[in-house]
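Chains, contacts and geometry: an overview
Each chain is listed here by its residues.
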Amino acid sequence: MFWALYIFFTICFSYFISFYFNKNLWVFCFLLVLLITPAQIQTGESNYAPSVFTFIYNLSLEQEYSLRPLRPLLLSLPASFILIWTFLIIRKKFF
């Protein structure tokens, strides 16, 4: 339930920010992927949280200097940009 609300408000937030930048698809997808990409809270458990917020929490409150929560972003950000780029190329050629 909490993930559904979080995803809904993240989509709204990303849309409003991209609307501010003239409905830029790159900004919308960057913010969406950045804010929604999940990471495990602790190894060996199946609890997930948004990776950016987990990293900030670990850095500021637990003082754990690990880049482990940001690992999923290394996969999801380039993959999303490649998919957006491919979508835009196909849209230009066929539509």
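Presented here is an overview of the structure given in this document. (Residues numbered from 1 in each chain as written. Predicted model: local features only at pLDDT ≥ 70, side-chain atom pairs only at ≥ 80, totals over all residues. Heavy atoms only, no water.)

**Some points on the overall build of the protein**
Using the following cut-off: Numbering goes from the N terminus for both helices and strands, where a helix is a DSSP run of H or I of at least four residues and a strand is a run of E of at least two. It is over C-alpha atoms that the radius of gyration is taken, and the globule rule equals 2.2 Å times the number of residues to the power 0.38. Throughout this description, buried means an accessible area under 20% of the type-specific maximum (1.4 Å probe, protein chains only), exposed means over 50%, and partly exposed covers the range between. We call two residues in contact whenever any of their non-hydrogen atoms come within 4.5 Å of each other.
Scanning the protein from terminus to terminus reveals four helices and two strands. Beginning at the N terminus, the succession of helices and strands in the protein can be written as α-α-β-β-α-α. On C-alpha atoms alone, the protein measures out to a radius of gyration of 16 Å, which is more than a quarter above the 12 Å that the 2.2 N^0.38 rule sets for 95 residues. By principal-axis analysis of the C-alpha atoms, the protein measures approximately 50 × 25 × 25 Å. Across the 95 residues of the protein, 25% fall into the buried class. Considering only contacts within the protein whose residues lie at least 6 apart along the sequence, 44% involve residues at least 24 apart.

**Brief notes about helix α2 (residues 25-36)**
Under the convention used in this document: Here the expected length of a helix is defined as 1.5 Å per residue gap, with one fewer gap than residues. Nitrogen and oxygen atoms within 3.5 Å of one another constitute a polar contact, given that in protein one can donate a hydrogen and the other can accept it, and given that sequence-neighbouring residues count only through two side-chain atoms.
In this model α2 runs 16 Å from its N-terminal to its C-terminal C-alpha over 12 residues, within 8% of the 16 Å that 1.5 Å per residue would give. For α2, the complete set of buried residues consists of Phe 28, Cys 29, Leu 31, Leu 32, Val 33 and Leu 35. On its buried side, α2 packs onto α1 (2-20), β2 (48-50), α3 (51-60) and α4 (71-94). For α2, the capping residue at the N-terminal end is Asn 24, with a side-chain oxygen 3.2 Å from the backbone nitrogen of Trp 26.

**Section: the side chain of Ser 18**
Relative to the assigned elements, Ser 18 resides in helix α1. Ser 18 gets classed as buried once you look at its relative accessible area, which sits at 4%. There is a polar contact of 2.9 Å between the side chain of Ser 18 and the backbone oxygen of Tyr 15.

**Quick look at the packing of α1 against α2**
How we decide: For helices, the fitted axis covers only the stretch in contact; all axes are lines through C-alpha atoms, and the angles between them, taken along N-to-C directions, range from 0 to 180 degrees. By the definition adopted for this analysis, an angle is roughly parallel if under 35 degrees, roughly antiparallel if over 145, roughly perpendicular if from 65 to 115, and oblique otherwise. Left-handed is the label given to a crossing in which the near helix is rotated counterclockwise from the far helix by less than a right angle, and right-handed is the label when the rotation is clockwise. Under the scheme applied, nonpolar residues are Ala, Val, Leu, Ile, Met, Phe, Trp, Tyr, Cys and Pro; charged residues are Asp, Glu, Lys and Arg; polar residues are all the others, including Gly.
The geometry of α1 relative to α2 is characterised by a closest axis approach of 8 Å and an angle of 150 degrees between their N-to-C directions. It follows from the interaxial angle that α1 and α2 lie roughly antiparallel. Helix-helix and strand crossings are classified by hand; for α1 and α2 the assignment is right-handed. For the pair formed by α1 and α2, the contact residues are Trp 3, Tyr 6, Ile 7, Thr 10, Ile 11, Phe 13, Ser 14, Tyr 15, Ile 17 and Ser 18 on the first element and Val 27, Phe 28, Leu 31, Leu 32, Leu 35 and Ile 36 on the second. In terms of residue class, the contact of α1 with α2 is built from 13 nonpolar, three polar and no charged.

**Brief notes about the state of the cysteines**
Convention followed: In what follows, a disulfide is any cysteine sulfur pair within 2.5 Å.
In total, this model carries zero disulfides according to the counting rule given. Of the cysteine sulfurs around Cys 12, a residue in no disulfide, the closest is that of Cys 29, at 15 Å.

**Comments concerning α4**
Compared with the 34 Å implied by 1.5 Å per residue over 24 residues, the 36 Å span of α4 between its first and last C-alpha is a close match. Taken together, the buried positions of α4 are Leu 73, Ser 76, Leu 77, Ser 80 and Ile 84. Those residues of α4 that are buried lie in contact with α2 and α3.

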